[in-house]
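Topology and contacts: notes
Listed below, chain by chain, are the residues.
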Amino acid sequence: MSIKIITCKKSRIDKVDFQNLSFGKEFSDHIFITEFDGKNWVNKRIQPFEAIPLNITLSALHYGQSIFEGLKAFRDINNQIQIFRPKDNFIRMNKSANRMCMQEIPEDIFFSGLVELCKIDNKWISNIQGNSYYLRPLMFAIDDSFGVHASENYVFAIIGCAVGAYYSKNLKLKVETEFSRACIGGTGFAKTAGNYAASLLATKKANKEGYDQILWTDVIEHKYIEELGSSNIFLLYENKLITPNLRGTVLDGITRDSVIKLAITFGYSVEERVISIDEIIQLHTSNKLIEIFATGTAASVISIKELSYYGHSINLEIKENNLASKLKNKLEEIKLSKTDDIFNWNFHVKI
Ligand SMILES: *Cc1c(COP(=O)(O)O)cnc(C)c1O
């Protein structure tokens, strides 16, 4: 495949403080971009990270055909670049595309885009503890007419971004019982813009009330837990790790899947099933509940210290060396090639 390379005039890397990165602000020098013209993906190119001209009529803005992915590249202990599970992001992106009635992205374009961007901006992939290079594939509709229809023209782009550790503290969650994120038959399993727009008001309200994030529940009874705004949830009791089953309303997290597979190798039994708030309260009251944690690419694995349901709080003691931190460490060891990559999760980028 031929990709045109247009390099930036001057790198911005010298202005970046790699010791103090916040999430999603330090975009690297280049992006990968291509357009679908109704027939073919054309004009595949690496170009400088800069504003691109777009029409005010573009249909993604009006009718929301917009999807994205999030994955990370790491500089491992051998100074090699590894992308974590990109094939899974590729598959999920096309699931989102299908649900939103958008063009599928071909595998070779998705992978060449990732590889070329990692190559050209490889200096942005630092080996500082906790740092990584966040990759954000994005596709949106660019037809310019007001009739509501599935667009024929699209932009697919990949943006790269140097990031540090995402959350540093343990989370305080509000179990949401007023607003809803996703219903069966809806778009909850797709990484599509509207899901996040719909979540903002509830999240803002929860933040004002002193919570870090929302734990979404089912739309009908608000009794069965689903996930957080951008991460999945797990609970540990006895030797059992449980997580809500994917029922069309829960995003099929790649970190979720990694955690399930690793926990099994650690000797836990893992169940994906319906989990009610009542069950959680019961487990907690009978002193059986050991841990709750959230998983996602941005945050990896993060402990939850408090869960509040109609103002009733469940507080959990966060112990050192708990399962959340063991999983987080194991994942990091794999990503940095400090241990065997038994599931073949790393995708090596030759520079
Ligand atoms: C991206 C996302 C997740 C986590 O998925 P990962 O593949 O682990 O990053 C979970 N829930 C929602 C709603 C998300 O958008």
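Residues numbered from 1 in each chain as written. Predicted model: local features only at pLDDT ≥ 70, side-chain atom pairs only at ≥ 80, totals over all residues. Heavy atoms only, no water.

A separate point is helix H6 (residues 277-285). Among all positions of H6, only Ile-277, Glu-279, Ile-280 and Leu-283 are buried. When H6 is viewed along its axis, its buried side chains cluster within an angular range of 160° and face the same direction. Relative to its buried face, H6 has exposed residues pointing more than 90 degrees away, namely Gln-282 and Thr-285. Directly beyond the C-terminal end of H6, a positive phi value near 60° is found at Asn-287. (Buried < 20%, exposed > 50% of the residue type's maximum accessible area, 1.4 Å probe, protein only. Helix = DSSP H or I, 4+ residues; strand = E, 2+ residues; numbered from the N terminus. Arc of directions from axis to C-beta.)

Any two side chains of opposite charge can pair, given that their charged atoms come close. Using the criterion set out here, one finds 17 salt bridges in the structure. Between Glu-35 and Arg-45 there is a salt bridge, with its nearest N and O atoms 3.0 Å apart. Here Glu-35 is found in strand S2 (residues 26-36), whereas its partner Arg-45 is found in strand S3 (residues 41-48), with 10 residues between them in sequence. Each member of the pair, Glu-35 as well as Arg-45, carries the same accessibility label: buried. Linking Arg-181 and Glu-227 is a salt bridge whose minimum nitrogen-to-oxygen distance equals 2.8 Å. You can see Arg-181 sitting in the loop between strand S9 (171-175) and helix H4 (193-208) and its partner Glu-227 sitting in the loop between strand S10 (213-215) and strand S11 (232-237), a full 46 residues away along the chain. (Salt bridge = Lys/Arg side-chain N within 4 Å of Asp/Glu carboxyl O.)

Turning next to the packing of helix H5 (residues 254-265) against helix H7 (residues 323-335). In the contact formed by H5 and H7, the axes pass within 11 Å of each other and the chain directions differ by 105°. In this view, H5 runs roughly perpendicular relative to H7, as classed from their interaxial angle. Of H7, the residues touching H5 (which contributes Thr-255, Ser-258, Val-259, Leu-262 and Ala-263) are Leu-327, Lys-330, Leu-331 and Ile-334. (Axes fitted to C-alpha atoms, helices over the stretch in contact; angles between N-to-C directions. Parallel < 35°, antiparallel > 145°, perpendicular 65-115°, else oblique. Contact = heavy atoms within 4.5 Å.)

Our next topic: the nonpolar core. Among the nonpolar cores identified, the biggest contains 46 residues, and Leu-135, Met-139 and Phe-156 are the most heavily contacted of them. Leu-135 has contacts with Glu-69, Gly-70, Leu-71, Ala-73, Ile-83, Leu-114, Leu-117, Cys-118, Ile-158, Ile-159 and Gly-160, leaving out every residue within four places of it along the chain. Residues Leu-235, Tyr-237, Ile-304 and Leu-307 belong to the second largest nonpolar core, which totals 24 residues. (Core = buried A, V, L, I, M, F, W, Y, C linked by side-chain atoms within 4.5 Å.)

This brings us to the site of the ligand. Around the ligand sit 15 residues, and of these Lys-191, Tyr-196, Glu-227, Thr-255 and Thr-297 come closest. Glu-227 places a side-chain nitrogen or oxygen 2.5 Å from a nitrogen atom of the ligand. Within the side chain of Thr-255, one N or O atom sits 2.6 Å away from an oxygen atom of the ligand. Within the complex, 96% of the 380 Å² of free accessible area of the ligand lies under protein. The residue inventory of the shell around the ligand, partitioned by class, reads 3 nonpolar, 8 polar and 4 charged. (Near = heavy atom within 4 Å. Polar contact = N/O pair within 3.5 Å; in protein donor to acceptor, adjacent residues only side chain to side chain. Areas by Shrake-Rupley, 256 points an atom, 1.4 Å probe, with all protein chains shown as cover. Nonpolar A, V, L, I, M, F, W, Y, C, P; charged D, E, K, R; others polar.)

In this section: the pairing of strand S14 (residues 289-296). Most of S14 is tucked away: 7 of the 8 residues are buried. Taken together, the 6 bridges between S11 and S14 define a ladder with antiparallel strand orientation. Within S14, the residue paired with Leu-235 across the bridge is Ile-292. Between S14 and strand S15 (residues 300-309), which follow one another and run antiparallel, lie 3 residues. (Pairing = 2+ DSSP bridges.)

Glancing now at the domain arrangement of the protein chain. Parsing the protein chain into structural domains produces domain 1 (4-165) and domain 2 (171-335). Summarising the inter-unit geometry, the C-alpha centres of domain 1 and domain 2 are found 27 Å apart. Taken together, the 23 residues of domain 1 in the interface contact 21 residues of domain 2. Of the roughly 1800 Å² buried between domain 1 and domain 2, counting both surfaces, carbon and sulfur atoms make up 60%. Taken together, domain 1 and domain 2 are joined by 1 salt bridge. Ionic pairing is found between Asp-257 and Arg-85, a salt bridge with its closest N-O pair at 2.8 Å. Counting every contact that joins domain 1 to domain 2 gives 12 residue pairs in polar contact (both at pLDDT 80 or more). Elements represented by at least two residues in the side of domain 1 that touches domain 2 include exactly strand S4 (66-68), strand S5 (71-75), strand S6 (81-84) and helix H2 (86-99). Here the side of domain 1 that touches domain 2 takes 6 residues from H2, the largest share from any one element. Here the side of domain 1 that touches domain 2 is built from residues that sort into 8 nonpolar, 7 polar and 8 charged. (Domains from an automatic or database assignment. Buried area = accessible area lost by both parts, 1.4 Å probe.)

This part takes up the packing of aromatic side chains. Using the criterion set out here, one finds 16 aromatic pairs in the structure. Note on Phe-343 and Trp-345: the rings are 4.7 Å apart at their centroids and 20° apart in plane angle, and the pair reads as stacked. Overall, Phe-343 belongs to the partly exposed group, its relative accessible area being 29%. Here the aromatic residues Phe-32, Phe-36, Trp-41, Phe-90, Phe-110, Phe-111, Phe-156 and Phe-347 are joined through ring pairs into a cluster of three or more. Positioned above the aromatic ring of Tyr-211, the side-chain terminus of Lys-172 is 5.6 Å from the ring centre. (Phe/Tyr/Trp six-rings, centres within 6.5 Å; stacked < 30°, edge-to-face > 60°. Lys NZ or Arg CZ within 6 Å of the ring centre and 35° of its normal.)

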